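Coordinate analysis (summary)
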Amino acid sequence: MPAPSNGEATAPDSGLQAIEDRSYGPATSTIDPGRAARFVAATRDDPARWSEHAPPGFVAALLFSVAPSFLADETAAPFTEVLIHAEQQFRWDRPFVVGDTYSAVGSVLSVRERRGLYRVQFHVAVRDVERRLTAAGTSVFLMGRGSERPPVSDRPEPAPGAQGRNDASVPTVLPGPGQPIPGLHRSAARRDLQEYATATGDFNPIHVDHDAALRAGLPGTVVHGLLTASWAMQSFARLVPGPAPLQGMTIRFREPLFPAEPAVVTGVMEDERSGRFEVASGDRRVASGVAVLRE
């Protein structure tokens with residue numbers, strides 16, 4: 001096993017280390033039109049564009065077709081009272097076709113312990129019916145027991161339909177190197193989180209259950225990290241036509257975004273095909289990363 005880096009230590013006799021190198025799946029999932037439409041609606045994407053194909057963010061649904069098997073593993077399950085998605089990397093090799101069936105295989109790459117939480121890298125490979133690699137991703141989850149988290153204040157939940165500004169997701173001109181990407185305003189109501197969970201299978205309780213969020217050390221329910229990632233994907237997908245606008249994305253989730261809070265995706269092109277972005281709410285940086293456009 002490689003030596004740990006960045007001051008992290010291998011989990012000592014925790015039991016959680018035993019999940020390293022375990023594989024899960026394959027899990028099969030068909031992108032039926034209704035599910036694809038629900039995903040587009042929950043993420044505020046463009047339904048006119050995404051009818052025959054699912055948008056790049058639908059990779060979250062394929063990730064969570066197999067991730068529950070990992071989280072239900074008898075070794076991992078005791079450490080899911082705290083389950084925070086910290087980082088995510090994706091690559092896309094071909095578009096997602098509505099009506100097609102895909103298989104996903106997950107594997108645990110590493111487990112490290114730091115400050116009472118376990119940093120788990122979980123990799124998923126998605127293939128089509130011809131066994132061609134369609135997409136892949138590596139998630140970083142922070143996992144632990146609820147009792148290990150300090151108490152926090154209790155934040156009142158907004159009304160189910162309360163939300164901020166949501167811009168239309170429409171095509172825009174690709175900026176040149178060094179030029180800013182047009183801002184994209186987004187906000188998720190509590191009912192959007194439920195719809196997103198239904199469309200993707202990401203039913204982490206911190207997104208839909210106030211008490212579960214408190215036990216995880218949060219002041220209330222929070223927006224899915226991969227929902228904010230979908231907003232960042234939309235921001236770049238507007239710049240390139242066709243069903244496969246993105247080649248890759250890396251995103252780090254920095255601060256929680258709460259239901260009904262306003263957010264805006266901004267960024268700048270670094271060269272002809274890649275750019276950096278951040279998702280911010282007021283003066284808080286919710287997430288940041290880099291996206292690579294397909295040529």
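Up top you'll find the structure we're talking about.
The paragraphs below set out a description of the structure included in this document. (Residues numbered from 1 in each chain as written. Predicted model: local features only at pLDDT ≥ 70, side-chain atom pairs only at ≥ 80, totals over all residues. Heavy atoms only, no water.)

For the rest of this paragraph, the subject is the packing of helix 2 (residues 59-71) against helix 3 (residues 190-200). Two numbers describe how helix 2 lies on helix 3: the axes approach to 8 Å, and their chain directions differ by 65°. Where helix 2 abuts helix 3, its residues Ala60, Ala61 and Phe64 lie against Tyr196, Ala199 and Thr200. Here the contact of helix 2 with helix 3 is composed, by residue class, of five nonpolar, one polar and no charged. (Axes fitted to C-alpha atoms, helices over the stretch in contact; angles between N-to-C directions. Helix = DSSP H or I, 4+ residues; strand = E, 2+ residues; numbered from the N terminus. Contact = heavy atoms within 4.5 Å. Nonpolar A, V, L, I, M, F, W, Y, C, P; charged D, E, K, R; others polar.)

Time to look at unusual backbone geometry. Omega for the bond connecting Gly25 with Pro26 falls within 30 degrees of zero, at 10°, which places this linkage in the cis form. You can see Pro26 is positioned in strand 2 (residues 23-30). The backbone of Asp21 sits at a positive phi, close to 75°, despite the residue not being glycine. Along the chain, Asp21 falls in the loop between strand 1 (9-10) and strand 2. Here Ala260, not a glycine, exhibits a phi torsion of approximately 75°, which is positive. Turning to its location among the elements, Ala260 is positioned in the loop between strand 10 (246-253) and strand 11 (263-269).

Bringing the side chain of Asp45 into the picture now. Tracing the backbone through its elements, the reader meets Asp45 in the loop between helix 1 (33-43) and strand 3 (53-54). At 6.0 Å, Arg186 is the nearest oppositely charged side chain to Asp45, a buried residue that forms no salt bridge. (Buried < 20%, exposed > 50% of the residue type's maximum accessible area, 1.4 Å probe, protein only. Lys, Arg positive; Asp, Glu negative; His and termini not counted. Salt bridge = Lys/Arg side-chain N within 4 Å of Asp/Glu carboxyl O.)

Moving on: the environment of Ser187. For Ser187, the location among the structural elements is in the loop between strand 9 (180-186) and helix 3. Along the sequence, Ser187 and Phe39 sit 148 residues apart, while their C-alpha atoms lie 15 Å from each other. Ser187 has contacts with Arg44, Gln163, Gly164, Arg165, Asn166, Asp192, Trp231, Ala260, Glu261 and Pro262, leaving out every residue within four places of it along the chain. In terms of polar contacts, Ser187 uses its side chain to reach the backbone carbonyl oxygen of Glu261, at 3.0 Å. (Polar contact = N/O pair within 3.5 Å; in protein donor to acceptor, adjacent residues only side chain to side chain.)

Note on placement: Glu261 falls in the loop between strand 10 and strand 11. Only 2.7 Å separates the side chain of Glu261 from the side chain of Arg284, close enough to count as a polar contact. In contact with Glu261, not counting residues within four places along its chain, are Arg155, Arg186, Ser187, Pro256, Ser281 and Arg284.

Interpretation note: all reported values are geometric properties and have no functional meaning in isolation.
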